[in-house]
Amino acid sequence: MSRSGSDSIDAPTWTASETSEADPLGSIGDLSMRRIGWRRQALLAAAIIGCLTIFLLARVMANNPDVAAQWRASADGYLELADTSMPELKGSLGKELESIATPDGQVMPFGVLAIAHSARWISHEPSRQEMQVVRLATAHALEAGQITLRFRDASQVTIEPKPRGYAGLGAMFWLMSAFGMVLFLVGWIVPLVQPNLRNLLYAIMAHAQAAQLLISAVAAVPAMALPSAMVAHESLVRVLLDAVTGAAVVQAAAMHPVRMPGRRWVAAVAWGATALFALIAFRGQLDNKWWWSQSLLIGDGLACIALLTWVHRRSPHPFAIVVRRFAVVTLATLVLLTVAVSLMPMLPPEVQPVATVGPVIWSVFFASIILLVPFISRSQNVMREFAMLAGISTVATSVDLLFVAVFSFSQFTSLTLSLFLALGAYAALRQWLVGQMMGARALTTERMFQHLYRIAREVEARPERAADRMIELLRNVFEPLETERTEARSKQSMVAGNGAALVVPLPNLVDGPSVRGSVVLRFAERGKRLFAQEDARLADRILEQLMRALAHDRAVERGRSEERVRIAQDLHDDIGARLLTLMYKAPSTEMEEYIRHTLQDLKTLTRGLAAKNHPLALASAEWKTDITLRLEAVHCQLEWEAEYDQDITLSMMQWSAITRVLRELVSNVIAHAKASRVHIVCQLRQGTFTILVEDDGVGADPAKWSAGLGLGGVRKRAKSLGGTVAWRTRRPHGTICEVQIPQLTTPEA
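About the thresholds
Within any chain, residue numbers begin from 1 and follow the written order of that chain's sequence. Per-residue local features are limited, in this predicted model, to residues with pLDDT of at least 70; the limit for side-chain atom pairs, both in listing and counting, is 80 or more; totals at the level of whole chains, interfaces and linings are taken over all residues. The basis for every side-chain value is the complete set of heavy atoms in the structure, and neither hydrogens nor water enter the calculation. Under the DSSP-based scheme used, a helix requires at least four consecutive residues in state H or I and a strand at least two consecutive residues in state E, with every element numbered from the N terminus. In what follows, residue pairs with any heavy atoms lying within 4.5 Å of each other are defined as contacts. The cut-offs for exposure are 20% and 50% of the maximum accessible area for each residue type, with area from a 1.4 Å probe on protein chains only; residues under the lower value are buried, those over the upper are exposed, and the others partly exposed. The criterion for strand pairing is that DSSP finds at least two bridges linking the strands in question. Angular values range over 0 to 180 degrees, each being the angle between N-to-C directions of two axes fitted as lines to C-alpha atoms, with helices fitted over their stretch in contact. Grid spacing is 1 Å over the protein atoms alone, the probe is 1.4 Å, and a cavity is where that probe fits but cannot get out, while a pocket is an open set with protein on both sides within 12 Å along at least five of seven lines and lining residues have an atom within 4 Å of a point. Grid points are joined across faces, edges and corners, and a volume is the space filled by probe spheres set on the points. Salt bridges are counted wherever a side-chain nitrogen of Lys or Arg sits within 4 Å of a carboxyl oxygen of Asp or Glu. The term polar contact refers here to a pair of N or O atoms within 3.5 Å; inside protein, the definition further demands a hydrogen-donor-capable atom paired with an acceptor-capable atom, and it admits residues adjacent in sequence only when both atoms are side-chain atoms. Put simply, two rings from Phe, Tyr or Trp (the six-membered ring, in Trp's case) pair if the centres are within 6.5 Å, and we call them stacked under 30 degrees between planes, edge-to-face over 60, tilted for the rest. We define the nonpolar core as a collection of buried residues of types Ala, Val, Leu, Ile, Met, Phe, Trp, Tyr and Cys that are connected through side-chain atoms lying within 4.5 Å of one another. For classification, angles of less than 35 degrees are called roughly parallel, those exceeding 145 degrees roughly antiparallel, those between 65 and 115 degrees roughly perpendicular, and all remaining angles oblique. With the far helix as reference, a near helix turned anticlockwise by less than a right angle produces a left-handed crossing, and one turned clockwise produces a right-handed crossing. Gly is placed with the polar residues, together with every amino acid not listed as nonpolar (Ala, Val, Leu, Ile, Met, Phe, Trp, Tyr, Cys and Pro) or charged (Asp, Glu, Lys and Arg). Only four residue types enter the charge count: Lys and Arg as positive, Asp and Glu as negative, with His and the chain ends excluded.

Asks: Quick one: what's the story with the overall build of the protein chain, residue by residue and with numbers?
Replies: Across its full length, the protein chain holds 19 helices and 19 strands. If you take every contact in the protein chain between residues at least 6 apart in sequence, the share linking residues at least 24 apart comes to 70%.

Asks: Requested: an account of the environment of alanine 327, with residues and values cited.
Replies: Along the chain, alanine 327 turns up in helix H8 (residues 318-342). Overall, the relative accessible area of 16% leaves alanine 327 in the buried class. Residues within four places of alanine 327 in sequence aside, it is in contact with Cys304 and Ile305.

Asks: So what's going on with the sheet that holds strand E10 (residues 494-496)? Which residues, and what values?
Replies: Pairing in this open sheet of four strands is antiparallel, and the strands run E9-E12-E11-E10 from one edge to the other. Two strands close off the open sheet at either side, each with one partner strand: strand E9 (482-486) and E10. With strand direction ignored, the average angle separating the axes of adjacent strands in the sheet is 25°.

Asks: Can you lay out empty space enclosed by the protein for me, pointing to particular residues and giving the numbers?
Replies: Throughout the structure, instances matching the rule amount to three cavities of 30 Å³ or more. Each pocket or cavity is described by its volume, and for the largest cavity that value is around 70 Å³. Of all elements in the fold, only helix H4 (197-219), helix H5 (228-255) and helix H9 (357-372) reach the threshold of two or more residues within the lining of the largest cavity.

Asks: Which residues make up the sheet that holds strand E16 (residues 677-685), and what values go with them?
Replies: An order of E14-E16-E17-E19-E18 is seen for the five strands of this open sheet, with the pairing classed as mixed. The strands lining the two open edges of the sheet, one partner per strand, are strand E14 (637-644) and strand E18 (724-729). Direction aside, the axes of adjacent strands within the sheet are offset by 10° on average. Of the pairings in the sheet, the one linking E16 to strand E17 (residues 688-695) comprises eight bridges and is antiparallel in character. Paired with glutamine 683 across the two strands is threonine 690, which belongs to E17. Packed onto the sheet, helix H17 (residues 616-633) meets E14, E16 and E17 and runs at close to 170° relative to E14. Running at roughly 10° to E17, helix H18 (residues 652-673) makes contact with E16, E17, E18 and strand E19 (735-741) of the sheet.

Asks: Now, about the pattern of salt bridges: what can you tell me, with residues and values included?
Replies: Counted according to the given criterion, the structure contains 12 salt bridges. Put simply, glutamate 643 and arginine 685 hold a salt bridge, and the shortest N to O gap is 3.0 Å. Of this pair, glutamate 643 sits in strand E14 while arginine 685 sits in strand E16, and the two are 42 residues apart along the sequence. Notably, a salt bridge pairs arginine 730 with glutamate 694, separated by 2.6 Å at the nearest N-O pair. Here the residue arginine 730 occupies a position in the loop between E18 and E19, and glutamate 694 occupies one in strand E17, the gap between them amounting to 36 residues.

Asks: Residues and numbers for the side chain of serine 493, please.
Replies: Its place among the elements puts serine 493 in the loop between E9 and E10. A polar atom in the side chain of serine 493 sits 2.6 Å from the side chain of aspartate 540. When near neighbours in sequence (up to four residues on either side) are disregarded, serine 493 contacts Val503, Val504, Pro505, Ala536, Ala539 and Asp540.

Asks: Can you break down the packing of aromatic side chains residue by residue, with the values?
Replies: Tallying each qualifying case throughout the model produces five aromatic pairs. Residues tryptophan 290 and tryptophan 291 carry aromatic rings whose centres are separated by 4.9 Å and whose planes lie at 85° to one another, so their mutual orientation is edge-to-face. Relative to phenylalanine 531, the ring of phenylalanine 478 lies with its centre 5.9 Å away and its plane at 70°, an arrangement referred to as edge-to-face. Placement of phenylalanine 478 in helix H13 (residues 466-478) and of phenylalanine 531 in the loop between helix H14 (524-527) and helix H15 (533-584) is noted, with a sequence separation of 53 residues between them. Here the two residues phenylalanine 478 and phenylalanine 531 agree in accessibility, since each one is buried.

Asks: Can you explain the nonpolar core? Please cite residues and give values.
Replies: For soluble globular proteins, the rule of thumb is that nonpolar side chains tend to be buried together. Core analysis: the largest hydrophobic core is formed by 98 residues, its most contacted members being Val67, Trp71, Leu89, Leu149, Leu183 and Met224. Of all the elements, H4 adds the most residues to this core, at 12 residues.

Asks: Which residues make up the packing of H5 against helix H7 (residues 289-314), and what are the values?
Replies: It is at 9 Å that the axes of H5 and H7 come closest, and there the two elements cross at 15°. By the angle between their axes, H5 is roughly parallel relative to H7. Once H5 is placed against H7, the crossing between them reads as left-handed. Taken together, the residues of H7 that come into contact with H5 (itself represented by Leu236, Val239, Asp242, Ala243, Gly246, Ala247, Val249, Val250, Ala253 and Ala254) are Lys289, Ser293, Leu296, Leu297, Asp300, Ala303, Cys304, Leu307, Leu308 and Val311. Its residues placed into classes, the contact of H5 with H7 shows 15 nonpolar, two polar and three charged.

Asks: I'd like to hear about the pairing of E18, residue by residue, with values.
Replies: Across six bridges, the pairing between E18 and E19 is antiparallel. In the sheet register, valine 725 faces E19, and the bridge partner there is valine 739. Counted between consecutive antiparallel strands, the loop separating E18 from E19 contains five residues, among which glycine 734 sits at a positive phi close to 115°.

Asks: Explain unusual backbone geometry residue by residue, including any values.
Replies: Negative phi values dominate among residues other than glycine, just as trans dominates among peptide bonds. Residue histidine 256 is joined to proline 257 through a cis peptide bond whose omega torsion reads 10°. Looking at the secondary structure, you find proline 257 in the loop between H5 and helix H6 (263-283). Positive phi, close to 50°, is recorded for glutamate 479, a residue that is not glycine. Residue class for glutamate 479 comes out partly exposed when judged on its relative accessible area of 28%.

Asks: Provide a residue-level description of the side chain of aspartate 695, including the pertinent values.
Replies: Examined against the element boundaries, aspartate 695 turns out to sit in strand E17. The side chain of aspartate 695 sits in the buried core without any salt bridge; arginine 730 is the nearest counter-charge, 6.9 Å away. Side-chain polar atoms of aspartate 695 contact the backbone nitrogen of glycine 697, separated by 2.9 Å. The contact partners of aspartate 695, leaving out residues within four places of it in the chain, are Val669, Ala673, Ala675, Arg677, Val678, Arg730, His733, Gly734 and Thr735.

Asks: Can you explain the environment of lysine 716? Please cite residues and give values.
Replies: Looking at the element boundaries, lysine 716 is found in helix H19 (residues 709-720). Remark: the alpha-carbon pair of lysine 716 and valine 661, spanning 55 residues in sequence, is separated by 9.5 Å.

Asks: Please provide a residue-by-residue account of the pairing of E16, values included.
Replies: In this sheet, E16 lies alongside E14 in parallel orientation, the contact comprising eight bridges. Each bridged residue has a counterpart across the sheet, and for tryptophan 640 the counterpart in E16 is isoleucine 680. Turn length for the E16-E17 hairpin, with the two strands adjacent in sequence and antiparallel, is two residues, and the turn residue glutamine 686 shows positive phi of about 50°.

Asks: Summarise the packing of helix H2 (residues 125-144) against H5; cite the residues concerned and give the values.
Replies: Two measures define how a pair of helices packs: the angle their axes make with one another and the distance between the axes. Interaxial distance between H2 and H5 falls to 8 Å at its minimum, and their mutual angle equals 160°. Our classification of the angle between H2 and H5 gives roughly antiparallel. As H2 runs across H5, the sense of the crossing is left-handed. Along its contact with H2, which presents Arg128, Gln132, Arg135, Leu136, Ala139, His140 and Glu143, the element H5 presents Ser228, Val231, Ala232 and Ser235. Its residues assigned to classes, the contact of H2 with H5 comprises four nonpolar, four polar and three charged.

Here is the structure:
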């Protein structure tokens, strides 16, 4: 079973080269262990490399010289010394820093943005270059072992920086490093589990953003300056990592979930634009580099959304819908952040340090979205909520900056308004993303039980159709676009194809033909959402409840059968014995004959009650014998026709209802029609059972009949089998009654 351009669920197969005639199972096991073995070793090696990278990074930052001081922005836009552990700075607490002096005599102004270590999100090119010069000079001075701090009151302090140690790295360094490590490992796990180009592209995205998180971890370390190597190249490296991620996203959208025809050209354009941008940026020939980088990222986002839209229109796939929603939210957040950062020069000096928080949250948000993609159908609630909260935090920070820059609101007012807007956006987007993605649609209890017990009754009536009825039940619940049987077998339901498919093993519900294999449901809710682990658990519970319903029905039926046997035995032993005694004491031949017929009816009734099932041919013969005896007693001729295209077995309920319908119709002929001839036809064709009773009596217009117990009983019993009853006048005289039961049985598929 396969589907072009999408994931497929196939039964496991092995070629002859993978097995041996002596011990095929052992060979398969050894082969699987070897495959798993090298992947575990590769993952272990990646984990060791990641841990060593973080350890070496922490070691470099711990040994980096630093001034042990804490700074805050003053109302005038200067850095104010808030706290320090260095004795030589104790006397400068509360003073505002104006500039620094390096050992070679350079004097550099040191403002509030100098401690915002990332130049990646500085939109104004002259400000960025000036800031780079100050940060680089500060880093060189710290590494040289001496720096002079000059305050606004004309005082100055010369300090010898000391390594900060591991305790001085701060909690954010370890948190960001841990997050980067998780994303790094996931970037290895995905291609190791299923090596292909699509997963390789995911690995490129994951590793690029893991590197971004490590750079953010270093930038989060409280320090006057980072190592000079990072200061010199940090901005360009970050831009290129984002550009590489954007190109990989565009190529992945052209390949998954459906391979579009021009995917190679799309990939060539995306990677070509990224390579051209990197080449010009490395040479320093690109003016307004920040705007070009943001335009490239926004263009990649628009291309991704366009490709996913085209894919879904050509071949509807829930993965395209879900990922497109994430892409729209991510792109909107990026555009909002870009606008907010571009207005940073318009912000008051004391507010500008707050603007550096938004890009940090953005990097966490973007990395969490990438981390979420492989587990999009695994219902990782914590990670999903974390990604959305990070995105809303980015929105709140951006809106806060826009309020301050555009409307000149106070910091408190802008922060309050932005929080309210962010909370409203979170409530709306959470319902939109989570509800649509994970299928939080309401499945009412009434609807569930209606489907469940209807299918249970049909399975009980036709055990050989159990698999088809179970598949019908799953279709009613999940409403997939496609349903297919497969010979693959698993112990429990599982989500496959990144949420595109749900594989449900079919259990043996009743005694009879063994049900094997599984059913594959594709594209839940007609392709509107992905399957999640909750759906797999729901499928298992539905089939479990179906089995319980059938077991309950069988237990009830056993009780009913035992009770019918007991009643039949009592009728045979008590009433039969009394009628037999009465027959021998009958005062006349007519009375003796009447009692004899009554005994025959009683035997037919008790035999029917005691039997567990009734073959249609045998039941038909009993009906004919019973009706013949009753009509002979009133000197009425019977014409009997029976035509069955298959010999089925009637359940007790079916036999009882049909027997009583025939008895009541014959009783009406005897009591009211005064007929001399009755023609009865019983016919079974393609599962539809028809009873036709025609007499030549004096019956009146059926439309004028009063609804008594007899006619009402016929309608009620026919309706209990899903059938209908119709009476009409026979020409020149008499009445015709037609009973149709459309689905007395279902022919074999």
